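# Descriptive analysis of the structure
Given next are the chains, with one letter for each unit.
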Protein chains: 2
Amino acid sequence: MNNSKSASTAKRTIVIVGGVAGGASAAARARRCNEAADIIMFEKDRYVSFANCGLPYHIGGEIDERDKLLVATPELFEKRFRIDARTRHEVLSIDQEAKSVQVKNLESGEEFAQDYDRLILSPGASPIIPPIEGSKAKNVFSLRNIEDMDRINQGLSSESSTRDVKQAVVVGAGFIGLEMVEQLHRLGIKVSLVELAPQVLPPLDREMARLIEEELERHEIQLHLGDGIQGLKVEGDRAVGVTLDSGMTIDTDLVIMCIGVKPNTQLAKQAGLEIGETGGIKINEYLQTSDPNIYAVGDAVEYEHAILEKSMRVALAGPANRAGRIAGEHAATDQSPSMAAVMGTAIVRVFDLGAALTGLSEKMAAKFNRRAKSVIVQAGHHSGYFPGAKTITLKLIYEPETGVVLGAQAIGAAGIDKRIDVIATAMKFKATVEDLTELDLSYAPPYGSAKDPVHLAAFTAQNDLRGFAPIVAYDADLAGKQIVDVRTLKEQEKLPPVPGAYQIEVDELREHLDELDPEQPTVVICHSAKRAHVGTRILLGHGFKEVSNLTGGMSIRRLMEN
Amino acid sequence: MNNSKSASTAKRTIVIVGGVAGGASAAARARRCNEAADIIMFEKDRYVSFANCGLPYHIGGEIDERDKLLVATPELFEKRFRIDARTRHEVLSIDQEAKSVQVKNLESGEEFAQDYDRLILSPGASPIIPPIEGSKAKNVFSLRNIEDMDRINQGLSSESSTRDVKQAVVVGAGFIGLEMVEQLHRLGIKVSLVELAPQVLPPLDREMARLIEEELERHEIQLHLGDGIQGLKVEGDRAVGVTLDSGMTIDTDLVIMCIGVKPNTQLAKQAGLEIGETGGIKINEYLQTSDPNIYAVGDAVEYEHAILEKSMRVALAGPANRAGRIAGEHAATDQSPSMAAVMGTAIVRVFDLGAALTGLSEKMAAKFNRRAKSVIVQAGHHSGYFPGAKTITLKLIYEPETGVVLGAQAIGAAGIDKRIDVIATAMKFKATVEDLTELDLSYAPPYGSAKDPVHLAAFTAQNDLRGFAPIVAYDADLAGKQIVDVRTLKEQEKLPPVPGAYQIEVDELREHLDELDPEQPTVVICHSAKRAHVGTRILLGHGFKEVSNLTGGMSIRRLMEN
Ligand SMILES: Cc1cc2nc3c(=O)[nH]c(=O)nc-3n(C[C@H](O)[C@H](O)[C@H](O)COP(=O)(O)OP(=O)(O)OC[C@H]3O[C@@H](n4cnc5c(N)ncnc54)[C@H](O)[C@@H]3O)c2cc1C
Ligand SMILES: Cc1cc2nc3c(=O)[nH]c(=O)nc-3n(C[C@H](O)[C@H](O)[C@H](O)COP(=O)(O)OP(=O)(O)OC[C@H]3O[C@@H](n4cnc5c(N)ncnc54)[C@H](O)[C@@H]3O)c2cc1C
Ligand SMILES: CC(C)(COP(=O)(O)OP(=O)(O)OC[C@H]1O[C@@H](n2cnc3c(N)ncnc32)[C@H](O)[C@@H]1OP(=O)(O)O)[C@@H](O)C(=O)NCCC(=O)NCCS
Ligand SMILES: CC(C)(COP(=O)(O)OP(=O)(O)OC[C@H]1O[C@@H](n2cnc3c(N)ncnc32)[C@H](O)[C@@H]1OP(=O)(O)O)[C@@H](O)C(=O)NCCC(=O)NCCS
């Protein structure tokens, strides 16, 4: 690494479109890299550099002060960074030949041209509003910025409304939708959640999402999954009902639309910049678009996905911040480290649980024709003997031929971020399951276990890959198999075994071998699959021909849809 | 990976010495790998498979039930694993020629020989008791096993004592010493802590340990650092005072000795097995000793250290468990994956803070003549705008020539385990600082930040390595430097700047450049070093010749010893 060109004193004008996650990061870094540049950041809204990700939490009151969301102000940009941050200024078009942008001052209505040497686009994405009747009603909202948040807060306050908001419908069960569900519930509002996919959190695999659905149900959220929104019933200027594809209508005082975002690519398209297959602006490793003087970052672009080795949109703040930092440096100095491929690592809290994921889900692997297998383990977020251990359900997805880790998902009340971050970190280095078995992780009773859940998942996958203790999927078709349920009878009373299963506690299995047929393909089942692992090894050790362990055990099998 | 030999039905006798972390793990795995083997586990104490790491927490009552510490019983080993777990059986010697061990039944006094095909040693380590007067007094304890814990609990109960325990001295400020300090304090006892080293937690670097010392002081623990224990003042059969090298005597009702452990290598030495340079049993990657039929794992052995590439003792439960698993498999089947090098990743909670580390400290790097630099950053364990963010102080240590990460340390009330585990995971793959800047970590307000503390530390190190924003150590000699303190005047009132510093707020620096000498080597300082980074870049951008940032800022500088 060399200093020579990492900073520059080259006089140049850097213009930035968008003043939040990607744009503001680029601006600040550009200044630190080049004290001589002119840096102008145009933002069409009233605020720059705010915490998008905090918006739902201020609506619910968990973040008490609105000001906390304003991470940096135009004044700070001016004083600390000599960055000219112009709010209420919309960039209308780009003239690549002239190297200038056409800008409109939304306050005065005035339009002007601004020259640039380097242009950085970070215009973000816009909420998708379905083209249905009533979507413009006064109490139908989406949430992207401070102004949206203020509008929702206004809609919720009884002073400004014609009536109290007692019930609300959230449309879309992605990350933001679920955050809104929780925050509205926190305000004492009865919340219904509508999602077209047959599950919440579509990036998760079905059974993992099911655990989150149970948490929502526990908080009396009305789930309408696998059902689309057909229209809104409007009275006056207000929506009073949401009509679903299934025909049912949900009464409501407020609607929040969280059905996803579309990248803001209008400027790029108008300028003829290349657009990728998934609809984002195409960029290279230095965040340069097809015009090397124009950079693009954030929700409007396509990043390289580390596992798929394909470009795709990843509308998350981490990549936007990191990409902004690199683009800012490159625009200021014509050199920088390259942008690393992303993994799609994401997390969301849903009431007392959280859901986190990285890399590919099994669903996504199937979609992209990648061979994948998976294991599911359950273990405490720290030692079970230490008070307060919360169960983590951890799914590890790997390539059967090579053992390369493809992805992971975790659900739990604590410690899921750590496990997913550890696995995402290992995945950066193309880790195999074997590598994960070897991780040297910190352990003391308040923090972890001598064998971490990551180790247990990796051991289980390793055992499968080596044929030592083959795994079958939680939803495997068990017809024609010899099924051995090794739970205690008490457990089997609480949660009945699958039909036709032999009921033999693991500790008595060796005494009952003669009741089983060693020639028949056999599946061993317990609650979490840990004792079934012991059972699997006992049967294989006694010459059974083909034995496997139902991953996740009954605790996951019970989540199967009927 | 191939199944063919990963399990075996070879008839053989596997004998295991020690029935806790390493031994019990080896036994259980050996059975899963070989259903036909005879497996005998000798444990000289009354209990097998207990949670050593939980012992302090039961003494303080944080783990309420003693039974929770008994992870598995001899009955479970018999029923589930057909393992003959024999407590109160001490292995006295090994006859390699005859492949047998001499065993003493400590209940009956009877001695007998037990043949083995494979022998696994996991005898652990023993607390060091200093050879001083009074160390055998009735109220002087050490803590290694359940029986020690029971004795301490007995010593603490007023019924059994001649008087209430009002004050106690813990000797040794390592992990277990600090856990004991906290738990005794929890019982309302006035605690003094004596440590020969000039700091608590000797594996940490001085300034990081200082943050833990402050936490101890905040809880009114009397610290006696850099002071050895010379003797005990004994009255009758009880120690009533601890005399230190400095001459002072601390009155006490109870003494706990936590000055470290020595590996239990007697059996190995007697058998002529090779011992390594640091006094542990020498092993290969399959945990085989110099006699390939004898394996050794746990606190008694030397593991390969991933960063030092030398063998050393790492007396921790994670490696013991993982090594036991591998040794058990290899002993049962003659093959297994190899044991990975360890990193020394460790963690401890100390009242409301925790301390975690992995890899090399700067001290240790110096000791082993490894060139090392470091940065210290401070940031919230999740977004600052979300309620409840706790500050993490994170130190990242790296090789200046290559940027390879050598180690990390973290202090904080939450989230330190995640950051150290992420870095330890990256280090397994010989990650550079650059790699850490690229990690795709999970982010939502309740869990993290778009730029994680790991990213910030990596950015800072990257900036240093590239000469973009050079770092000087927190305790650098500032004599002859031009010092610019860019904190606000209010901050400077609270915590005065270093003598002779210019006091110019970062936001006004550009207006005051002419007061400074651009030719003079300059150090910029703020509270955490984040604004000083901006200041450093401003000065370098205006042609200052040599500018650097005092890492950690005043918040760490203030911890310097006078
Ligand atoms: C409610 C909510 C919660 C979220 N939670 C999380 C989370 O927990 N974790 C996570 O990783 N991500 C989260 N995100 C996503 C994250 O905020 C985005 O990925 C990130 O902000 C993208 O950065 P960006 O710079 O591309 O877009 P933005 O941050 O949206 O900034 C784009 C800006 O450009 C402006 N702009 C657009 N066009 C023009 C123009 N022509 N002229 C001038 N200005 C223009 C827009 O007004 C906008 O302010 C959340 C987003 C929302 C809305
Ligand atoms: C109080 C305490 C707290 C700890 N906290 C942590 C922590 O938070 N994190 C962490 O990673 N580590 C911690 N450790 C360390 C961890 O417990 C050890 O690293 C681990 O137990 C080592 O495993 P081992 O099998 O080598 O030894 P042990 O678990 O000690 O087992 C060895 C056993 O062998 C028996 N034995 C010895 N010689 C013979 C013989 N000749 N015949 C028969 N039996 C014999 C002993 O009686 C002993 O029971 C802690 C240890 C203690 C004591
Ligand atoms: C805040 C914002 C303007 C970026 O400002 P920034 O100065 O680049 O970023 P940060 O405040 O995180 O500071 C990071 C910089 O300080 C440096 N730094 C941080 N701590 C440091 C320390 N202790 N010592 C030295 N340098 C340090 C980092 O190295 C980095 O500088 P670099 O990029 O030159 O390497 C921009 O990220 C933003 O607008 N964020 C809010 C919007 C948003 O991100 N929304 C989505 C998430 S809610
Ligand atoms: C408990 C003890 C006896 C080891 O028993 P063990 O059966 O090897 O270990 P665990 O109970 O952790 O279970 C791990 C096994 O179950 C498997 N497993 C766990 N969850 C599973 C799941 N959901 N599906 C399939 N397999 C699973 C693992 O793969 C592993 O089996 P493997 O080694 O054959 O791959 C031993 O570790 C011990 O005595 N511990 C207490 C002492 C101690 O460690 N002290 C220091 C720390 S306080």
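Quick caveat: nothing in here was measured; it's all calculated off a predicted structure. (Residues numbered from 1 in each chain as written. Chains lettered and ligands numbered in written order. Predicted model: local features only at pLDDT ≥ 70, side-chain atom pairs only at ≥ 80, totals over all residues. Heavy atoms only, no water.)

## A few points about the overall build of chain A
Our working rule: Each helix is a run of DSSP H or I of at least 4 residues and each strand a run of E of at least 2, with the numbering of both proceeding from the N terminus. Atoms counted for the radius of gyration: C-alpha only. Globule rule: 2.2 Å times residue count to the power 0.38. The cut-offs for exposure are 20% and 50% of the maximum accessible area for each residue type, with area from a 1.4 Å probe on protein chains only; residues under the lower value are buried, those over the upper are exposed, and the others partly exposed. Residues are treated as being in contact if the distance between any of their heavy atoms lies within 4.5 Å. In these tables, accessible area is a Shrake-Rupley quantity obtained with a 1.4 Å probe, and a residue counts as shielded only by the protein chains included in the view.
Helix and strand counts for chain A stand at 15 helices and 30 strands. A globule of 562 residues ought to have a C-alpha radius of gyration of about 24 Å, and chain A, at 27 Å, matches this closely. With respect to the three principal axes, the spread of C-alpha positions in chain A is 90 × 65 × 40 Å. Looking at chain A as a whole, 61% of its 562 residues qualify as buried. A sequence separation of at least 24 residues applies to 64% of the contacts in chain A between residues at least 6 apart. Accessible surface, chain A as shown: approximately 20700 Å² in total, 47% of it carbon and sulfur.

## Focus: the pairing of strand β16 (residues 254–257) of chain A
Working note: regular strand, side chains alternate between the two faces of the sheet. Residue and element names in this part refer to chain A. For the record, the criterion: A pair of strands counts as paired when DSSP detects no fewer than two bridges linking them.
Neither face of β16 is exposed, since Leu254 and Ile256 on one face and Val255 and Met257 on the opposite face are all buried. In the sheet, strand β9 (residues 140–142) pairs with β16 via 3 bridges, with the strands oriented parallel. When the sheet's bridge partners are listed, Phe141 is paired in β16 with Ile256. By the bridge criterion, 4 bridges tie strand β10 (residues 167–171) to β16 in an arrangement that is parallel. Residue pairing in the sheet places Val170 in a bridge with Ile256 of β16.

## Brief notes about the site of ligand 4
Note the threshold: Consider each residue's heavy atoms; a residue with any of them within 4 Å of a molecule or strand counts as near. We call two N or O atoms a polar contact when they sit within 3.5 Å, provided that within protein one can donate a hydrogen and the other can accept it, with sequence-adjacent residues counted only if both atoms are side-chain atoms. Following the grouping adopted for this structure description, the nonpolar residues are Ala, Val, Leu, Ile, Met, Phe, Trp, Tyr, Cys and Pro, the charged ones are Asp, Glu, Lys and Arg, and the polar ones are all others, Gly among them.
Residues in contact with ligand 4 amount to 31 residues; listed here are only the nearest, Lys530(A), His533(A), Arg29(B), Arg32(B) and Ser49(B). The residues that come close to ligand 4 belong to more than one chain, namely chains A and B. Separating a nitrogen atom of ligand 4 from a side-chain N or O atom of Asn52(B) is a distance of 2.8 Å. Protein contact buries 92% of the 960 Å² of open area that ligand 4 shows by itself. At the level of elements, β23 (373–380), α12 (453–465) and α14 (530–541) of chain A together with α1 (21–33) and α8 (317–333) of chain B are the ones that each hand at least two residues to the shell around ligand 4. Among the elements that make up the shell around ligand 4, the one with the highest residue count is α1(B) (6 residues). Each residue belonging to the shell around ligand 4 can be placed in one class, and the counts come to 17 nonpolar, 9 polar and 5 charged.

## Regarding the domain arrangement of chain A
Residue and element names in this part refer to chain A. We apply this condition: In this entry, domain limits derive from an automatic or database-based domain assignment. Summed over both partners, the accessible area (1.4 Å probe) lost when two parts come together is defined as the buried area. Salt bridges, as used here, are contacts in which a Lys or Arg side-chain nitrogen is within 4 Å of a carboxyl oxygen on Asp or Glu.
Domain boundaries in chain A define domain 1 (5–124 + 262–333), domain 2 (140–259), domain 3 (352–466) and domain 4 (473–560). Centre-to-centre, using C-alpha coordinates, domain 1 lies 31 Å away from domain 2. Taken together, the contacts link 18 residues of domain 1 with 15 residues of domain 2. Buried area between domain 1 and domain 2, summed over both chains or domains, comes out near 1600 Å², and the portion from carbon and sulfur atoms is 58%. Together, Leu55, Pro56 and Ile59 form the three largest contributors to the area buried by domain 1 at its contact with domain 2, with a combined 37%. Put simply, domain 1 and domain 2 have 4 salt bridges between them. Taking the shortest distance from any N to any O, the salt bridge between Glu62 and Arg186 comes out at 3.9 Å. The tally of links from domain 1 across to domain 2 stands at 7 residue pairs in polar contact (both at pLDDT 80 or more). Of the residues that constitute the side of domain 1 that touches domain 2, the class distribution is 8 nonpolar, 5 polar and 5 charged.

## What about the interface of chain B and chain A?
Listed as interface residues are 94 residues of chain B and, on the opposing side, 94 residues of chain A. Applying the counting criterion to the chain B and chain A interface returns 16 salt bridges. Between Lys418(A) and Asp421(B) there is a salt bridge, with its nearest N and O atoms 3.7 Å apart. By residue number, the principal contributor to the side of chain B that touches chain A is helix α10 (residues 416–428) of chain B, which donates 9 residues. Residues of the side of chain B that touches chain A, tallied by class, amount to 42 nonpolar, 23 polar and 29 charged.

## Some points on the relation of the copies chain B and chain A
The cut-off we apply is this: Least-squares superposition of the copies uses the C-alpha atoms of those residues scoring a pLDDT of at least 70 in each of them.
Turning chain B through 180° and shifting it by 0.0 Å along the axis lays it on chain A, with an RMSD of 0.0 Å. Look at the turn and shift together and you get a two-fold axis relating the two. Here 100% of the interface residues in chain B have copies in chain A that are interface residues too; the copies meet face to matching face.

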